[in-house]
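Spelled out, the chains give:
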Amino acid sequence: MSGTRPAAEPTQRLTVHVAAQSRPLTPCAVLAIGDPLRCTLLDRLLRMDGAQLARIEGLCAKRSLLLFAAAADLPWVDGVQYLGLDPEAASLLVPTASRANVAGALLERAVLHHAARCGGSAPVQRWAVSWSPPLLVPAASTRRLKPETLRLWRRALSEHAP
Amino acid sequence: MARDAAAAAKSVQAAVRSASHGLIEREVLVELIALAAIAQEHVLVIGEPGTAKSEAVRRVAQSLGGQFFEYLLGRFTEPSELFGPIDLAKLQAGRVETVTTGMLPEADIVFLDEVFLGSTAILNSLLSVLNERRYRRGHSLRDVPLRVCVGAANALPEDVALAAFADRFLVRVFVSAVPDSELEALLSAGATQLRDDRPTATLAELDCLVRARQAVDLTGVQPLLAHAVRLLRQCGISLTDRRIVRSQNLVSAAAAISGRQVATRQDLWPLVYVVPTALEQESAREALRALLDQSDGPLVAAQFDASASASSRAGRIAEAAEALLSDEPVNGEREAWQLRLEGILREMDASFPRDALPEPLPGLRERVAARLA
């Protein structure tokens, strides 16, 4: 026997295709990707009355703004994506109107594996998934939205604008 | 006759909308009760107590101007509590007859809660009422005016004998408590008790639709129905021969209320509600999705629930959007109206991928968004 190690298994890749969902999921979150859309959504939130704003939690990530609320309280601006809980994968929030051609459990495992490789993510963390543009957003550390927080985020985005 | 049937269809559609008004998440049940009445079939509702089952049936009866009879059965319920007491005067003359005034045999629409708790005597009497629209007891033998009986229970019976009785209820509806997203609407509807409970249609119009249904031509859809049953069998869903044959009554009823004299693929959606259990109905929706994707007609909530077809969903959203656009407030309440417009846009974007909005939603989306600008 030679001392060589067995060759590593080639990485298996599965291309994810997306199609329309036959029965859309109930939205429980909304995702805005990119600075212009995030600014528009923040402006919308700043116009909201205090009672409705108090029912929304959110986080501002590097490229996205993710908000959680009951469906009727989720704001609308043109271009946002509505997300719902994947019934086959409790850790994933996926677009309500589209479904992937892979089983939710498989997708969830791939996402959590990816999170573990990136370092630091706890196994039970929830992830928001966007198909287009492809993006994974860790949905941890959400906070109740206050106007001063929204204005802070808005200012930070304006300062980054070219 | 066609003109009368068309007018009757419009009237019964209005009655259904009136009965549904203010009920949260019970539009499907109301529509199916009306459909079953036209089909001369009966409805079994499975759901927890306190889920507005009896309220839905009562409203249909009010909207159609029918005599309503409601009873909660128990293990010790006597037949006389449903059908009436023995006529003592006639008994003295040697005849066993029943005084049915105000009781089930004189009702047009009946609701029986905990229907499977009834004794053998009650269930046997009910069988002839349900099957033949005839009441038999002793020397009492009479036709009953019953249009539809709605039975309710917490769960489907496991007893084989009761399952045979349950099979007489062709339409199965499974209701659950109002979801989180509708709680505010439920509370608001509950606080606002005002509702016009005057009849919106008449039993004569309902009977006109029944006659129209009996004349509907089913020959074109029978091959499709047979195909649907085969698809269900492939999924392990088995329908009794009785249910398969009688499902045609629901299909012809769907055509009649839509004003069609020839049943088409658009009328096949009630087949989902003939499937006996909730889990099997979910499987049936998936199995029949392609076959039902052209479902169309005025019973929008039930069609949408059965077919989940994109066109049904789009139709429902479009109807709500047009109603809102035509109701723009002149002064005051504009903010509340705009919030409702946002709700329409949210539902559109949450229901369909942006690049796959079915007609007429793309143009409607622009019109609604323009009003928000």
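Going by the structure above, here's the rest.
Residues numbered from 1 in each chain as written. Chains lettered and ligands numbered in written order. Predicted model: local features only at pLDDT ≥ 70, side-chain atom pairs only at ≥ 80, totals over all residues. Heavy atoms only, no water.

1. Considering the pattern of salt bridges
Residues and elements named next belong to chain B. This is how the line gets drawn: One speaks of a salt bridge when a side-chain nitrogen belonging to Lys or Arg is within 4 Å of a carboxyl oxygen belonging to Asp or Glu. Secondary structure follows DSSP: runs of H or I at least 4 residues long count as helices, runs of E at least 2 residues long count as strands, and numbering of each begins at the N terminus.
In this structure the tally under the stated criterion is 30 salt bridges over all chains. With a closest N to O distance of 2.8 Å, glutamate 41 and arginine 246 form a salt bridge. A residue pair is termed long-range when its members are at least 10 positions apart, and glutamate 41 in the loop between α2 (27–39) and β1 (43–46) and arginine 246 in helix α11 (residues 241–257) qualify at 205 residues.

2. Topic: the packing of aromatic side chains
Residue and element names in this part refer to chain B. Stated precisely, the cut-off is as follows: Geometry of aromatic contacts follows a simple scheme: Phe, Tyr and Trp rings, the Trp one being its six-membered ring, pair when their centres are within 6.5 Å, and the pair is stacked under 30 degrees between planes, edge-to-face over 60, tilted otherwise. Three labels apply to residues, based on accessible area from a 1.4 Å probe with only protein chains included: buried if under 20% of the type maximum, exposed if over 50%, partly exposed otherwise in between.
In this structure the tally under the stated criterion is five aromatic pairs over all chains. Ring geometry for phenylalanine 69 versus tyrosine 71: centroids 6.2 Å apart, planes at 5 degrees, classification stacked. With a centroid separation of 5.1 Å and an interplanar angle of 20 degrees, the aromatic rings of phenylalanine 83 and tyrosine 135 are classed as stacked. Here phenylalanine 83, found in helix α4 (residues 79–83), pairs with tyrosine 135, found in strand β4 (residues 134–137); they are 52 residues apart in sequence, far enough to count as distant. Accessibility assignment for this pair places phenylalanine 83 and tyrosine 135 in one class, buried. Counting every residue linked through ring pairs, the aromatic cluster contains Phe116, Phe165 and Phe169.

3. Topic: a nonpolar patch on the surface
Residue and element names in this part refer to chain B. The condition is simple: Only residues above 30% relative accessible area that lack a salt bridge enter a patch, with like-charged residues linked at up to 9 Å and the nonpolar side chains Val, Leu, Ile, Met, Phe, Trp and Tyr linked at up to 5 Å. Per-residue and other accessible areas were derived by the Shrake-Rupley procedure at a 1.4 Å probe size, with only the shown protein chains allowed to occlude residues.
Taken together, the side chains of Leu88, Leu91 and Val96 make up a nonpolar region of the molecular surface, amounting to roughly 260 Å² of accessible area. Take leucine 88: it is sitting in helix α5 (residues 88–92). With a relative accessible area of 60%, leucine 88 lands in the exposed category.

4. Let's talk about the nonpolar core
We count it as follows: Definition of nonpolar core: a set of buried residues of the types Ala, Val, Leu, Ile, Met, Phe, Trp, Tyr and Cys, connected through side-chain atoms within 4.5 Å. By definition, residues are in contact when any of their heavy atoms lie within 4.5 Å.
Ranked by size, the top nonpolar core spans 73 residues in total, and within it Leu32(B), Val43(B), Trp269(B) and Leu288(B) carry the most contacts. Here the element with the most residues in this core is α2(B); it accounts for 11 residues. Among residues more than four places away in sequence, those in contact with Leu288(B) are Ala228(B), Leu231(B), Leu232(B), Leu271(B) and Val272(B). Among the nonpolar cores identified, the runner-up in size contains 39 residues, and Leu41(A), Ala314(B), Trp337(B) and Leu357(B) belong to it.

5. Focus: the sheet that holds strand β3 (residues 109–113) of chain B
All names here are of chain B. In plain terms, the rule: Each pair of strands is called paired provided DSSP finds at least two bridges between the two strands. Geometry is summarised by axes, namely lines fitted to C-alpha atoms with helices restricted to the contacting stretch, and by angles between N-to-C directions that run from 0 to 180 degrees.
Judged by pairing direction, the sheet is parallel, and its five strands sit side by side in the order β2-β3-β6-β1-β7 without closing on themselves. Each end of this open sheet is capped by a strand with a single partner; those strands are β2 (68–72) and β7 (171–174). Averaged over all pairs of adjacent strands, the angle between their axes in this sheet comes to 15 degrees, without regard to strand direction.

6. As for the interface of chain A and chain B
Quick reminder of the rule: We call two N or O atoms a polar contact when they sit within 3.5 Å, provided that within protein one can donate a hydrogen and the other can accept it, with sequence-adjacent residues counted only if both atoms are side-chain atoms.
Contact residues are listed per partner, giving 19 residues for chain A and 20 residues for chain B. The interface formed by chain A and chain B contains three salt bridges. Its salt-bridge partner being Glu342(B), residue Arg44(A) comes within 2.6 Å of it at the nearest N-O pair. Applying the counting rule to chain A against chain B returns nine residue pairs in polar contact (both at pLDDT 80 or more).

7. Topic: the packing of α2(B) against helix α3 (residues 53–64) of chain B
Residues and elements named next belong to chain B. Our working rule: To sort the angles, those under 35 degrees are grouped as roughly parallel, those over 145 as roughly antiparallel, those from 65 to 115 as roughly perpendicular, and the leftovers as oblique. Each crossing is labelled by how the near helix is turned from the far one, with a counterclockwise turn of less than a right angle marking it left-handed and a clockwise turn marking it right-handed. Only Asp, Glu, Lys and Arg are considered charged, only Ala, Val, Leu, Ile, Met, Phe, Trp, Tyr, Cys and Pro nonpolar, and every remaining residue, Gly among them, polar.
Running from amino to carboxyl end, α2 crosses α3 at an angle of 45 degrees, the nearest separation of the two axes being 10 Å. One way to sum up the angle between α2 and α3 is to call them oblique. Two packed elements cross with a definite hand, and for α2 against α3 that hand is right-handed. Along the contact surface, α2 presents Leu29, Val30 and Ile33, while α3 presents Lys53, Ala56, Val57 and Val60. Of the residues in the contact of α2 with α3, the class split is six nonpolar, no polar and one charged.

8. Regarding the sheet that holds strand β2 (residues 29–33) of chain A
Residues and elements named next belong to chain A. Reading across the sheet, the eight strands line up as β9-β8-β6-β5-β2-β4-β3-β10 and stay open at both edges, with mixed pairing between neighbours. The strands lining the two open edges of the sheet, one partner per strand, are β9 (135–138) and β10 (143–144). As judged from the four bridges shared by strand β8 (residues 127–130) and β9, these two strands associate in the antiparallel manner. The residue bridging tryptophan 127 from the neighbouring strand is proline 138, located in β9.

9. Considering the packing of helix α10 (residues 222–234) of chain B against α11(B)
Residue and element names in this part refer to chain B. Here α10 crosses α11 at 125 degrees, and the two axes come no closer than 11 Å. Comparing the axis directions of α10 and α11 gives the class oblique. Where α10 crosses over α11, the handedness of that crossing is right-handed. Counting all contacts with α10, which are made through Gln222, Leu225, Val229 and Arg233, the residues of α11 involved are Ile244, Ser247, Gln248 and Val251. For the contact of α10 with α11, a count of residues per class yields four nonpolar, three polar and one charged.

10. So, the pairing of strand β5 (residues 81–86) of chain A
All names here are of chain A. Among the six residues in β5, five count as buried, and that is most of the element. Strand direction decides the pairing type here: β2 and β5, joined by three bridges, are antiparallel. Of the residues in β5, the one forming a bridge with alanine 29 is leucine 83. In this structure, β5 lies alongside strand β6 (residues 89–95), joined through four bridges in antiparallel fashion. Of the residues in β6, the one forming a bridge with aspartate 86 is alanine 89. Count of turn residues in the β5/β6 antiparallel hairpin: two residues.

11. Some points on unusual backbone geometry
A negative phi angle is the norm for most residues apart from glycine, just as the trans form is the norm for most peptide bonds. The residue after Ser132(A), namely Pro133(A), is reached through a cis peptide bond having omega 0 degrees. Its location among the elements puts Pro133(A) in the loop between β8 and β9. A cis amide bond links Glu359(B) to the next residue, Pro360(B), at an omega of 5 degrees. With respect to the helices and strands, the residue Pro360(B) is situated in the loop between α15 (334–351) and α16 (361–372). A positive phi angle, close to 50 degrees, is found at Glu114(B), a residue other than glycine. Along the chain, Glu114(B) falls in the loop between β3 and α6 (120–132).

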